[in-house]
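# Descriptive structure summary
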Amino acid sequence: MTDSEKCAVWTLGVVALTVIAYFTFVKLLGSGPASQSVFALLALTAVPATSRRHWKGIGFDERERQISGKALLAGFRALWLVFIGLVMTIGFVKGWDATLSLPMWMLSATVWWSAMLLLAVQSVTTLVLYRRGSHA
Amino acid sequence: MPSEKTEIRNHIRRLRFEHGEMTQDDLAKQAGVTRHTIMALEAGKYFPSLLLAFRIARTFGVGVDQVFVYVEVSEPAP
């Protein structure tokens, strides 16, 4: 398994842990500001950057860079599709002239969920491309 | 009507063995890539850039056309 695949597996694990922790907190504390603290767990995604390879200064080769770029693009595509879908759905359900009043924590939660979606899709795409071949 | 699919095949595995059973790791170091990339190339899972193709060919002391072959594969119509 390459370093990039290990990093992708780690990231998926962190996202899964965060999702589980979030719903556990919501059940125990309710979906208010207190439950937002679990998103701090996402900081664990930075751990692979401190790997031995990183400190040795070994860079990505062309295939790794290509896969990394494609995976990031897939993540942003997914994020964009969900964003468009959400905006359209809210518009059609609530009406285009409706006014929404949301608590501030919900805004920050939206950003965190977006980040998790991006990381999850990026990681899955990385794993798929390493197995299937990056030119596929 | 049969459709034509193009792909790039390579003789890296054969050339490695012809060059004193060179390991994938040795070739990777000389070409400036990881061993996983050499594995992917040999398995036909990755098509290299022109630069990497030239680097690999130079490692073996042969021309690019002796390492990589452009082929058109005819697929029977469904």
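Residue positions within a chain follow its written sequence, with the count starting from 1. Both sets of labels track the order of writing: A upward for chains, 1 upward for ligands. Per-residue local features are limited, in this predicted model, to residues with pLDDT of at least 70; the limit for side-chain atom pairs, both in listing and counting, is 80 or more; totals at the level of whole chains, interfaces and linings are taken over all residues.

A word on the overall build of chain B. The secondary structure listing takes helices from DSSP runs of H or I that are at least 4 residues long and strands from runs of E that are at least 2 residues long, numbered from the N terminus. When helices and strands are tallied, chain B shows 4 helices and 2 strands. Secondary structure elements of chain B, listed N to C terminal, follow the sequence β-α-α-α-α-β. The burial label depends on the number of other C-beta atoms within 10 Å of a residue's C-beta. Counts of 20 or more mean buried, 12 or fewer mean exposed, and intermediate counts mean partly exposed, with C-beta atoms placed from the backbone. The proportion of buried residues among the 78 residues of chain B is 21%. Considering only intrachain contacts with a sequence separation of at least 6, the fraction spanning at least 24 residues in chain B is 59%. We call two residues in contact when their backbone-placed C-beta atoms lie within 7 Å.

Note: pLDDT gives the predictor's confidence per residue, expressed from 0 to 100. Taken residue by residue, chain A gives an average pLDDT of 87. The fraction at 70 or more is 90%. Mean pLDDT across the elements of chain A ranges from a minimum in helix α2 (residues 52-56) of chain A, with 62, to a maximum in helix α3 (residues 62-94) of chain A, with 94.

All names here are of chain B. Joined through C-beta atoms within 7 Å, a set of buried Ala, Val, Leu, Ile, Met, Phe, Trp, Tyr and Cys residues constitutes a nonpolar core. By size, the foremost hydrophobic cluster in this structure holds 11 residues: Ile-12, Leu-27, Ala-28, Ala-31, Val-33, Ile-38, Ala-40, Leu-41, Tyr-46, Ile-56 and Val-67. Contributing elements (two or more residues each) for this core: α2 (24-31) and α3 (35-42). Excluding residues within four positions of it along the chain, Ala-31 makes contact with Leu-52, Arg-55, Ile-56 and Thr-59.

On to the packing of α2(B) against helix α4 (residues 50-60) of chain B, then. Residues and elements named next belong to chain B. Relative orientation of the contacting elements α2 and α4 amounts to 120°, with a least axis distance of 9 Å. Considering their axes alone, α2 and α4 lie oblique with respect to each other. In this structure, α2 crosses over α4, and the sense of that crossing is right-handed. Of α4, the residues touching α2 (which contributes Leu-27, Gln-30 and Ala-31) are Leu-52, Arg-55, Ile-56 and Thr-59. Ten residues, namely Ala, Val, Leu, Ile, Met, Phe, Trp, Tyr, Cys and Pro, are considered nonpolar, four, namely Asp, Glu, Lys and Arg, are considered charged, and the remaining ones, Gly among them, are considered polar. Broken down by class, the residue content of the contact of α2 with α4 amounts to 4 nonpolar, 2 polar and 1 charged. Only the stretch in contact is used when fitting a helix axis, every axis being a line fitted to C-alpha atoms; angles between N-to-C directions are given from 0 to 180 degrees. When an angle is under 35 degrees it counts as roughly parallel; over 145 it counts as roughly antiparallel; between 65 and 115 it counts as roughly perpendicular; any other value is oblique. Whether a crossing is left-handed or right-handed is set by the direction in which the near helix is turned from the far one by less than a right angle, anticlockwise for left-handed and clockwise for right-handed.

A few words now on α3(B). By the burial criterion, the buried members of α3(B) are B:His36, B:Thr37, B:Ile38, B:Ala40 and B:Leu41. Phi turns positive one or two residues past the end of α3(B), at B:Gly44, with a value near 75°.

All names here are of chain B. Within the secondary structure, Lys-45 sits in the loop between α3 and α4. Classification of Lys-45 by C-beta neighbours within 10 Å gives partly exposed; the count is 18. Residues Lys-45 and Val-64, spaced 19 residues apart in sequence, show a C-alpha to C-alpha distance of 18 Å.

This next bit is on the packing of helix α1 (residues 3-29) of chain A against helix α4 (residues 104-132) of chain A. Residues and elements named next belong to chain A. Contact geometry for α1 and α4: axes closest at 9 Å, N-to-C directions at 145°. Like other packed secondary-structure pairs, α1 and α4 cross with a definite hand, here left-handed. Taken together, the residues of α4 that come into contact with α1 (itself represented by Ser-4, Glu-5, Ala-8, Thr-11, Leu-12, Val-15 and Thr-18) are Met-116, Leu-119, Ala-120, Ser-123, Thr-126, Leu-127 and Tyr-130. Across the contact of α1 with α4, the residue classes tally to 8 nonpolar, 5 polar and 1 charged.

Let us look at the environment of B:Ile12. Residues and elements named next belong to chain B. Counting through the fold element by element, Ile-12 comes out in helix α1 (residues 12-18). By the C-beta count within 10 Å, which is 22 here, Ile-12 ends up buried. Placed 55 residues apart in sequence, Ile-12 and Val-67 show a C-alpha to C-alpha distance of 6.2 Å. Aside from chain neighbours lying at most four places away, what touches Ile-12 is Leu-41, Glu-42, Ile-56 and Val-67.

As a further point, take the environment of B:Val62. With respect to the secondary-structure elements, B:Val62 resides in the loop between α4 and β2 (68-75). Aside from chain neighbours lying at most four places away, what touches B:Val62 is B:Ala57 and B:Val67.

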